Amino acid sequence: MPLLLLAIENGTEEGKRIARVELQRMAKLADMVKRAPLDAQELATVLAALRFYQESGMGDPGNRSNAIHEIATNGDSVVSLDADAIDALCERLNVESSDGK
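Cut-offs used in this document
- Residues numbered from 1 in each chain as written.
- Predicted model: local features only at pLDDT ≥ 70, side-chain atom pairs only at ≥ 80, totals over all residues.
- Heavy atoms only, no water.
- Helix = DSSP H or I, 4+ residues; strand = E, 2+ residues; numbered from the N terminus.
- Buried < 20%, exposed > 50% of the residue type's maximum accessible area, 1.4 Å probe, protein only.
- Contact = heavy atoms within 4.5 Å.
- Areas by Shrake-Rupley, 256 points an atom, 1.4 Å probe, with all protein chains shown as cover.
- pLDDT = per-residue confidence, 0-100.

Participant: How do you make sense of the overall build of the protein when you look at a structure like this?
Facilitator: Helix and strand counts for the protein stand at five helices and zero strands. Mapped in sequence order, the helices and strands of the protein form the string α-α-α-α-α. Each of the 101 residues in the protein was classed as buried or not, and the buried ones make up 24%. Of the contacts made within the protein by residues no fewer than 6 positions apart, 48% connect residues no fewer than 24 positions apart. Carbon and sulfur atoms make up 59% of the accessible area of the protein, which totals about 7,000 Å².

Participant: I'm lost on the confidence of the model for the protein in this one. Help?
Facilitator: One rule of thumb: low pLDDT means the predicted coordinates there are not for detailed reading. Averaged over all residues, the pLDDT of the protein equals 83, while 83% of them reach at least 70. Mean pLDDT per element in the protein: helix α1 (residues 2-10) is the minimum at 67, and helix α3 (residues 40-55) is the maximum at 93.

Participant: What am I meant to see in the environment of Ala 44 here?
Facilitator: Position of Ala 44 relative to the elements: it lies in helix α3. Given the relative accessible area of 45%, Ala 44 is considered partly exposed. For the pair Ala 44 and Asn 94, spaced 50 residues apart in sequence, the C-alpha to C-alpha distance is 9.3 Å.

The following block contains the structure:
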């Protein structure tokens, strides 16, 4: 997230716009995770799916099918996660699940 804040402060107008969209998307995802906590089996499956997605190069939109791109961008309403953001999400899910949050 510090990179997103730097982009908002010092980036081009397009970079600032993308960073704001990503921060909004992250906030919505965090809210959704809080409202629908996963049990241990569900969390393990979600993490495995995210890691598979990441290892398959799906952080690059050019590597995705149209159907997967549609899901990853919520119908082109959000910017999809790149490999680094997927890694951060997995780490956050692991930390929050071990903290009991």
